[in-house]
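# Summary of structural features
Listed below, chain by chain, are the residues.
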Number of protein chains: 2
Amino acid sequence: MAYEKKIPIDLDCPLRLTMSLIESKWKSCILDELRAGKPMRPSEIHKCLPEAAPRVLDIQLKELVEDGLVAKTIYPELPPRSEYNITELGKTLLPIIDAMLQWGEEHFDIFEKKYGNK
Amino acid sequence: MAYEKKIPIDLDCPLRLTMSLIESKWKSCILDELRAGKPMRPSEIHKCLPEAAPRVLDIQLKELVEDGLVAKTIYPELPPRSEYNITELGKTLLPIIDAMLQWGEEHFDIFEKKYGNK
DNA sequence: TCATATACAGAAAAATTTTTCGGTATTCTG
DNA sequence: CAGAATACCGAAAAATTTTTCTGTATATGA
């Protein structure tokens, strides 16, 4: 089988469970991109997150699909086309993503002053 | 200098900023332990999170202090005593921690069925 | 024909995080 | 005195994640 996570998610503690689903570097951003409900093609997602290595987005998209937070539709066309959508389960995480986004906006200055090299 | 994070926190995106503050394996749990506002000694925190390697808790506590989410008080006694408290800034993250905790509780069954080996 | 776009996979390297192990220092208890 | 408790720290090993690179396949457009 392809790339495989050793410990897919953490079932020992509800907090760790939630964290383990989204803590990988770009997963929360992917969910944020898909938040509107509009299906997105992988190339589109790559364009929206240019800082992320494409391979990592592939891997993390795959894990999000495995975990049921994102759904994938493959169109048997050529050139190939596929689309990713946030699932109902994934949508239930959006309030958390929103809250983190908002917190980051509200407290950006503190950390900019602290760690920003301008 | 001692142990040093390469990229302390992520200033490129507000969502990544928030995530980078709490995504390390035990940070959210530490904040959860301190949520009540009661000061905790390191040994107490270790006892509450027995799955975590003590060294990692030390490191992550230190980072939480550096980032201003947790405050540390050292009592110049012998044997040494120190206490950790959540700061006002740290408290502003609690709604997010709470939401993740609650989400984990609500959706535990799905993932238990999916990944739990009983 | 050749380059491009598309989506994705494997492998290996690099970076980072987590864990394990050992060590410092001091006081109190047996 | 030996050992425990206390709070740390450094170094190195292990584990994991992220990045980079290369390769598959097929159609379209120059």
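Residues numbered from 1 in each chain as written. Chains lettered and ligands numbered in written order. Predicted model: local features only at pLDDT ≥ 70, side-chain atom pairs only at ≥ 80, totals over all residues.

To continue, consider the pairing of strand E1 (residues 70–75) of chain A. All names here are of chain A. Here E1 pairs with strand E2 (residues 81–86) via six bridges, running antiparallel. Considered in E2, the bridge of Ile-74 is made with Ser-82. Hairpin connection from E1 to E2: five residues lie between these consecutive antiparallel strands. (Pairing = 2+ DSSP bridges. Helix = DSSP H or I, 4+ residues; strand = E, 2+ residues; numbered from the N terminus.)

Further remarks concern the environment of Asp-12 of chain B. Residue and element names in this part refer to chain B. Among the secondary structure elements, Asp-12 is positioned in the segment before helix H1 (14–22). With 9 C-beta atoms packed within 10 Å, Asp-12 lands in the exposed category. Linking Asp-12 and Lys-47, residues 35 residues apart in sequence, is a C-alpha distance of 36 Å. (Buried ≥ 20, exposed ≤ 12 C-beta atoms within 10 Å, placed from the backbone.)

Let us now look at the interface of chain A and chain B. Contacts between the two partners involve 32 residues from chain A and, on the opposite side, 32 residues from chain B. Sorting the residues of the side of chain A that touches chain B by element identifies helix H1 (14–22), helix H2 (27–34) and helix H6 (94–115) of chain A as the ones contributing at least two each. Broken down by element, the side of chain A that touches chain B gets its largest block of residues, 13 residues, from H6 of chain A. Residues of the side of chain A that touches chain B, tallied by class, amount to 20 nonpolar, five polar and seven charged. (Contact = placed C-beta atoms within 7 Å. Nonpolar A, V, L, I, M, F, W, Y, C, P; charged D, E, K, R; others polar.)

A few words on the relation of the copies chain A and chain B. Overlay of chain A on chain B (RMSD 0.0 Å): rotation 180 degrees, translation along the axis 0.0 Å. Put plainly, the chains are arranged around a two-fold axis. Judged by C-alpha distance, Glu-23 of chain A is the residue of chain A that lies nearest the rotation axis, at 2.8 Å. Mapped onto chain B, 100% of the interface residues of chain A are again interface residues, and the two copies thus contact each other with one and the same surface. (Least-squares fit on C-alpha atoms with pLDDT ≥ 70 in both.)

This part covers the packing of helix H2 (residues 27–34) of chain B against helix H6 (residues 94–115) of chain B. Residue and element names in this part refer to chain B. Packing of H2 against H6 leaves a shortest axis separation of 10 Å and a crossing angle of 105 degrees. Between H2 and H6, the crossing angle belongs to the class labelled roughly perpendicular. Across from Ser-28, Leu-31 and Asp-32 in H2, the residues of H6 making contact are Ile-97, Met-100 and Leu-101. Residues belonging to the contact of H2 with H6 are distributed by class as follows: four nonpolar, one polar and one charged. (Axes fitted to C-alpha atoms, helices over the stretch in contact; angles between N-to-C directions. Parallel < 35°, antiparallel > 145°, perpendicular 65-115°, else oblique.)

What follows covers H6 of chain B. What sets the pattern is the α-helix's 3.6 residues per turn: residues three or four places apart point alike. At His-107 of chain B, H6 of chain B is deflected by roughly 55 degrees, the largest bend along its length. For H6 of chain B, every residue scored as buried is listed here: Ile-96, Ile-97, Met-100, Leu-101, Trp-103, Gly-104 and Phe-111 of chain B. Check the buried side of H6 of chain B and you find it contacts H1 and H6 of chain A together with H2 of chain B. (Bend = angle between axes of the 7 residues up to and from the residue.)

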